[in-house]
Amino acid sequence: MAGVILLFSVAVLSSAFEKPWGNYLLEDFVETVAPEPVSWWPATQGWWLVLLLVLVAVATRVYGFYQEYKANVYRRQALAWLNHQVSQDIEVGVLQIPALLKRVALEAFDREEVAELSGVTWEKWLDEQCDQTDFSGEYTAMLARVAYQKDAPLSQTECRQLIAQTRLWIVQHRRPHD
């Protein structure tokens, strides 16, 4: 019975919508084909030039970051060495600080400028290269005491202050070409 009703409804609908159906003015109407969507791919020479300039700028920036990373290897090595020495024995690590500072300075600056410095002139020079440290002020003569008077050890507080000043100088000093 359901099949008969279905056939009847299909027959009625097909006879109800014979040609012409709908608006008779649109019977011969031909629909236009929509154009291709506009591509975002740069097709003109100007866009290729802009793309090339952007790529050159990005490559230059990446190369600059890489050069800066390579130029600061000595800082990372010095900090790792200082952390290792201090973690094993703070008093022995503090005794190595003057030599560490001299090695870092020799790596970053001209040998002729750094090698002859000692005492108060060394401390002043360190402070000139880094605004945040105060080797020649509050912490004056600590480096000389550690380097030359091994029998006059620093207190724990002085050791921690000297280590903090050393870390700060290693990280913050500015080379002539920075």
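Residues numbered from 1 in each chain as written. Predicted model: local features only at pLDDT ≥ 70, side-chain atom pairs only at ≥ 80, totals over all residues. Heavy atoms only, no water.

For this particular structure, what's the right way to read the packing of helix α3 (residues 73-88) against helix α9 (residues 156-172)?
Working note: a packed helix pair is described by the angle between its axes plus the distance between those axes. One can describe the packing of α3 onto α9 by two numbers: an axis separation of 9 Å at closest approach and a directional angle of 165°. Viewed along their axes, α3 and α9 adopt a mutual orientation that is roughly antiparallel. Every pair of crossing elements has a handedness; the one defined by α3 and α9 is left-handed. Across from R75, A78, L79, L82, N83 and V86 in α3, the residues of α9 making contact are I163, T166, R167, I170, V171 and Q172. (Axes fitted to C-alpha atoms, helices over the stretch in contact; angles between N-to-C directions. Helix = DSSP H or I, 4+ residues; strand = E, 2+ residues; numbered from the N terminus. Parallel < 35°, antiparallel > 145°, perpendicular 65-115°, else oblique. Left-handed = near helix turned anticlockwise from the far one by under 90°. Contact = heavy atoms within 4.5 Å.)

How should the packing of helix α2 (residues 45-71) against α3 be read in this particular structure?
For the pair α2 and α3, the least separation of the axes is 4 Å and the interaxial angle reads 40°. Taken together, the axes of α2 and α3 are oblique relative to one another. Residue-level inspection shows Y69, K70 and A71 of α2 in contact with α3, the latter providing V73, Y74 and R76.

For this particular structure, what's the right way to read the packing of aromatic side chains?
For any pair of aromatic rings, geometry is given as the distance between the ring centres together with the angle between the planes. Counted under the stated rule, the structure contains 3 aromatic pairs. Ring centres of F109 and W125 lie 4.8 Å apart, and the angle between their planes is 80°; on these two criteria the pair is classed as edge-to-face. Here F109, found in the loop between α5 (97-108) and α6 (111-114), pairs with W125, found in helix α7 (residues 119-129); they are 16 residues apart in sequence, far enough to count as distant. Since its relative accessible area comes to 6%, F109 is described here as buried. Considering the side-chain rings of W122 and W125, the 5.7 Å spacing of their centres and the 10° angle between planes classify their relative orientation as stacked. Note that W122 and W125 are positioned in helix α7 at a spacing of 3 residues, about one turn of the helix. Connected via pairs of aromatic rings, a cluster forms that spans F109, W122, W125 and W169. Above the plane of the ring of W122 lies K102, whose end atom (NZ or CZ) is 4.2 Å from the centre. When the ring centre of W81 is taken as reference, the NZ or CZ atom of R103 above it lies at 5.0 Å. (Phe/Tyr/Trp six-rings, centres within 6.5 Å; stacked < 30°, edge-to-face > 60°. Buried < 20%, exposed > 50% of the residue type's maximum accessible area, 1.4 Å probe, protein only. Lys NZ or Arg CZ within 6 Å of the ring centre and 35° of its normal.)

What exactly am I supposed to notice about the nonpolar core here?
Across soluble globular proteins, you tend to see nonpolar side chains buried next to one another. Core analysis: the biggest nonpolar cluster contains 30 residues, and V94, W122, W125, L162 and W169 have the highest contact counts within it. Elements represented by at least two residues in this core include exactly α3, α4 (90-95), α5, α7, α8 (142-148) and α9. It is α5 that provides the largest number of residues to this core, a total of 6 residues. Leave out the neighbours within four places in its chain, and L162 touches V94, I97, F135, M142, L143, V146 and L154. (Core = buried A, V, L, I, M, F, W, Y, C linked by side-chain atoms within 4.5 Å.)

Which parts of the structure should I look at to understand the side chain of Q129?
Structurally, Q129 is set in helix α7. On the basis of relative accessible area, Q129 is assigned to the buried category, the value being 16%. Apart from residues no more than four positions distant in its own chain, Q129 is found in contact with F109, E113, W169, Q172, H173 and R174.

Can you help me understand the pattern of salt bridges in this one?
Where charged atoms from two side chains of opposite charge approach closely, those side chains can pair. Tallying each qualifying case throughout the model produces 1 salt bridge. Put simply, E158 and R145 hold a salt bridge, and the shortest N to O gap is 3.3 Å. A residue pair is termed long-range when its members are at least 10 positions apart, and E158 in helix α9 and R145 in helix α8 qualify at 13 residues. With relative accessibility at 23%, the residue E158 sits in the partly exposed group. (Salt bridge = Lys/Arg side-chain N within 4 Å of Asp/Glu carboxyl O.)

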